[in-house]
Every structure is written in structure tokens, then in C-alpha cells.
Amino acid sequence: MKISVPVSKGIESFFGTRDENIRLMERNLGVRTFLRHDNLEIDGEDSAVERARQIFEDYLSLQKEGHAISNADLNNFMRVVTVEDQTTLRNLYLSGRQRSFGKKILAPKTVNQRRYVEAIEKYDLTFGIGPAGTGKTYLAVAMAVSALLNKQVSRIVLTRPAVEAGEKLGFLPGTLQEKIDPYLRPLYDALFDMIEADKVEKLLEKNTIEVAPIAFMRGRTLNDSYIIVDESQNCTHEQMKMILTRLGFNSKMVVTGDITQIDLPGGKRSGLIEAAEVLKDVEGVGFILFDDKDVVRHSLVQRIVRAYETYSEKTGLGRQMMLKLDEPVPASAAVASIAPGAPVELPEA
């Protein structure tokens, strides 16, 4: 089937840098496109051609309505709409409404990022599990900053296990805070992105924002707090149980982790994997599972994540996180959340 769709001025932005967006659509849908003067010809299977036409017309209509979609955002949207039949470019763009997070104005870039933000708003305990670059920590910090500035909570607590990533750093010089800061730097980076540097320093001095390793959480009850547990795949069973039970009144907790990057020594089992199995039936707990389509870093990162997943499947070094539900559901819905009673398969640590 071949169709011809009229184009208008400004269509260059749809093609993207070095035609990366149109090539992505061709590759994922299995179609071929040809730009002929004032028309775009699309050739391929009927359903694929119709899908490509819908994506293209959605973009043109959004453009006519005055919506300016950056190339980076459009590329992220294209990764989703070219593989998710039930998701349209229009709905994906409009549903990912922009939100103000301190000095940043952000909008979720993928379906799962949107569901992640919605789950954090809905549940007091949310798990965000998936590969690097999916925005798990960044969005969690953004939501925490928003809650603090809107006086929904009185403080933010950012914590993660102080585990080295496969190398020994030895004894670090300086005070206790200076020794642990290198492990917590990613959390500081996200904070400084949301709030002015001088304001962050003042909030840290007043302990309105607290950044500390998980070992410092024992024995505490965190009331009126927004707690983010980052890199939780490196929590042991004891650490995970301890930090989850710190949740106090009027508090929210977001637990993030990537089960493909476990750095625990001696073959210890990840507390994150265990928590997903233990808490899958607990009411009030939300799970969002990200995959390579949600990676919003350099496009090469997405391909790297996919390559490692394929390698792990072939060699048996690990298994993909999967959901087994009673009835088949679209991929986008399957990764969205874990319903009570839905078993979770995770790789052994």
C-alpha cells in the first residue's frame, strides 16, 4: 500500500537531526518514505502505512495548534508511538502535561514516565524499577521538590546504600560527610538542577533536605517527609526492610533501582528483588517497571541497554523482569504496574 500525505512548511522538524526521527519510524513500522515536493509518500503494509499516516497527521495538527515539540522530545515520543499501537502522538504529548518543579518545568517523555508520576501521586510507597537513563531518580527528586515547595511535606530525605560499583575506593579523606558525598553525588546533581545552588545549601544546613546513606536511617521514624531510596538494588534484605519501615505519618517514599546493575558482594541477594516479590500483593504499594523504550539519555544508551539484555538472555546470566498476568495485555500496560496477585519474575541476585 502506498499513500501520499500533503506536507507544509516546517516539516523539517519532523524528520529530525540527520533524519533520525523518520528513520526511526521507518525501522520500527517497516515502511519506506519519500519526500516529493509538497507530499510525503509512505509505502508498506496497510496497517503500518496507516499507523505512519496517523503519526504524521498528529504531528501536523499539533504544529498548527501552536505546540512546539523539541527534536529530543519528538524522538522520545516516536520511540513509543511506533511500537505501542494503542498510543497516539497527540495523546502522548497532551497527556504529558508540563509541571513546575522548582526552577525546572518538566513533562514526562514516555508512557511509563507519565504512569510513574501518577503512581507517585497516588501511592505512599512507589517502586520505580528499570535500566539506567529512564528518569527514575530525576523524576522522583522533581516530585519531592514540588511537594516541599508546595508545603505538602516539611522535608526531603534522600538516601542510598554506600556500595562501590565493582571497584575499591579505599579509605577516603575528610569528615564523615565528605567521605560519603561521592556515593550521594547523583542525588545532589538532581537537586541542584531543580533548586538554585544557594537555596539548596540553606536547605541542607537546616536539614530541610537531608542526604545520607541508608545506614544512618536505622531507628528513625520519618514523619511529614518525602523519602527517596536510590540505587536500591544494592540494598541487602536487612537494609530494605529497615528503610521501608521508616515511613511515618504524612510521608511518601519512592524506591528506585536497576536490577541489572547489582554491586552487592559475595553473591548476596538484592533486597529490591525480594521486596518486589514480598510486596506485590500489598495494597497501597505501586510498581512501575521501565524498559529500554523509556531511556531518555543519548539514543546510544537505549541500544546499549537492549544489547546487554539480549546478551543476558542468550548466556543465561540473567532474566528479564517479567509480569505473568491472567490475561494478555498490551506491553505498555504490562510494565505499568503490578496488580495485586500478579506474580513478578525477577533474576536471582
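Small disclaimer: the values here were computed from a predicted structure and weren't measured.

Q: So, the packing of aromatic side chains: which residues are in play, and what are the values?
A: Working definition: an aromatic ring pair is given by the centre-to-centre distance plus the angle between the planes. Summed over all chains, the structure comprises 5 aromatic pairs. Relative to F15, the ring of F14 has its centre 6.4 Å away and its plane inclined at 85°; by these criteria the two rings are edge-to-face. With a centroid separation of 5.1 Å and an interplanar angle of 80°, the aromatic rings of F14 and F56 are classed as edge-to-face. Here the residue F14 occupies a position in helix α1 (residues 12-15), and F56 occupies one in helix α3 (residues 46-64), the gap between them amounting to 42 residues. Here the aromatic cluster, defined as three or more aromatic residues joined through ring pairs, consists of F14, F15, F56 and Y59.

Q: So, the pattern of salt bridges: which residues are in play, and what are the values?
A: It is possible for side chains bearing opposite charge to pair when their charged atoms get close. Throughout the structure, instances matching the rule amount to 13 salt bridges. One salt bridge in this structure joins K252 and D124, with 3.9 Å as the shortest N-O distance. Residue K252 is found in strand β10 (residues 252-257), and its partner D124 is found in the loop between α6 (111-122) and β6 (125-129); the two are separated by 128 residues along the sequence. Judged by its relative accessible area of 18%, K252 falls in the buried class. Residue classification places D124 among the partly exposed positions, given a relative accessible area of 43%. Close ionic contact of E210 with R220 constitutes a salt bridge, the shortest N to O distance being 2.7 Å. A residue pair is termed long-range when its members are at least 10 positions apart, and E210 in strand β8 (residues 209-213) and R220 in the loop between β8 and β9 (225-229) qualify at 10 residues. The exposure class of E210 is buried, given its relative accessible area of 15%. Given the relative accessible area of 22%, R220 is considered partly exposed. Connected via shared salt-bridge partners are D19, R23 and E26.

Q: Describe in detail the nonpolar core, supporting the description with residues and values.
A: Counting residues in each nonpolar core, the largest one holds 35 residues, and the members touching the most others are L158, I209, V211 and Y226. Where this core is concerned, the elements lending two or more residues are α6, α7 (136-149), β7 (155-160), α8 (176-194), α9 (197-205), β8 and β9. Not counting residues within four places of it along the chain, the set of residues in contact with I209 comprises L148, I156, L158, L191, I195, L203 and L204. Membership of the second largest hydrophobic core comes to 31 residues, among which are I3, V7, V31 and I42.

Q: Before we move on, can you summarise the pairing of strand β2 (residues 32-36) with the specific residues and values?
A: In this structure, β2 lies alongside strand β3 (residues 39-43), joined through 5 bridges in antiparallel fashion. The residue of β3 that forms the bridge with F34 is E41. In this antiparallel pair of consecutive strands, β2 and β3, the connection spans 2 residues, and H37 shows a positive phi of 55°.

Q: Which residues make up the environment of N223, and what values go with them?
A: Secondary-structure assignment places N223 in the loop between β8 and β9. In this structure N223 comes out as partly exposed when scored by relative accessible area, which is 34%. Once the C-alpha coordinates of N223 and S154 are considered, the two residues, 69 residues apart in sequence, prove to be 8.8 Å apart. Among all residues touching N223, those that are not within four sequence positions of it are R155, G248, F249 and S251. There is a polar contact of 2.7 Å between the side chain of N223 and the backbone nitrogen of F249.

Q: Hey, could you go over the sheet that holds β2 for me, with residue numbers and the actual values?
A: Ordered in space as β1-β3-β2, the 3 strands form an open sheet in which the pairing is antiparallel. Looking at the sheet topology across the chains shown, the edges are occupied by β1 (2-6) and β2. Strand-to-strand twist across the sheet, computed as the mean angle between neighbouring axes with direction ignored, equals 20°. Its contacts with the sheet place α3 against β1 and β3, and it is angled at close to 5° to β1.

Q: So, the pairing of β9: which residues are in play, and what are the values?
A: Summarising burial for β9: 5 of the 5 residues are buried, a large majority. Across 5 bridges, the pairing between β7 and β9 is parallel. Considered in β9, the bridge of V157 is made with I227. Of the strand pairs in this sheet, β9 and β10 are connected by 4 bridges, and their pairing is parallel. Within β10, the position partnered with Y226 by the bridge is K252. Where the polypeptide runs from β9 across helix α10 (residues 237-244) and back to β10, its parallel neighbour, the crossover connection is right-handed.

Each value, and the rule that gives it
Residues numbered from 1 in each chain as written. Predicted model: local features only at pLDDT ≥ 70, side-chain atom pairs only at ≥ 80, totals over all residues. Heavy atoms only, no water. Phe/Tyr/Trp six-rings, centres within 6.5 Å; stacked < 30°, edge-to-face > 60°. Helix = DSSP H or I, 4+ residues; strand = E, 2+ residues; numbered from the N terminus. Salt bridge = Lys/Arg side-chain N within 4 Å of Asp/Glu carboxyl O. Buried < 20%, exposed > 50% of the residue type's maximum accessible area, 1.4 Å probe, protein only. Core = buried A, V, L, I, M, F, W, Y, C linked by side-chain atoms within 4.5 Å. Contact = heavy atoms within 4.5 Å. Pairing = 2+ DSSP bridges. Polar contact = N/O pair within 3.5 Å; in protein donor to acceptor, adjacent residues only side chain to side chain. Axes fitted to C-alpha atoms, helices over the stretch in contact; angles between N-to-C directions. Right-handed = clockwise from strand over helix to strand, strands pointing away.

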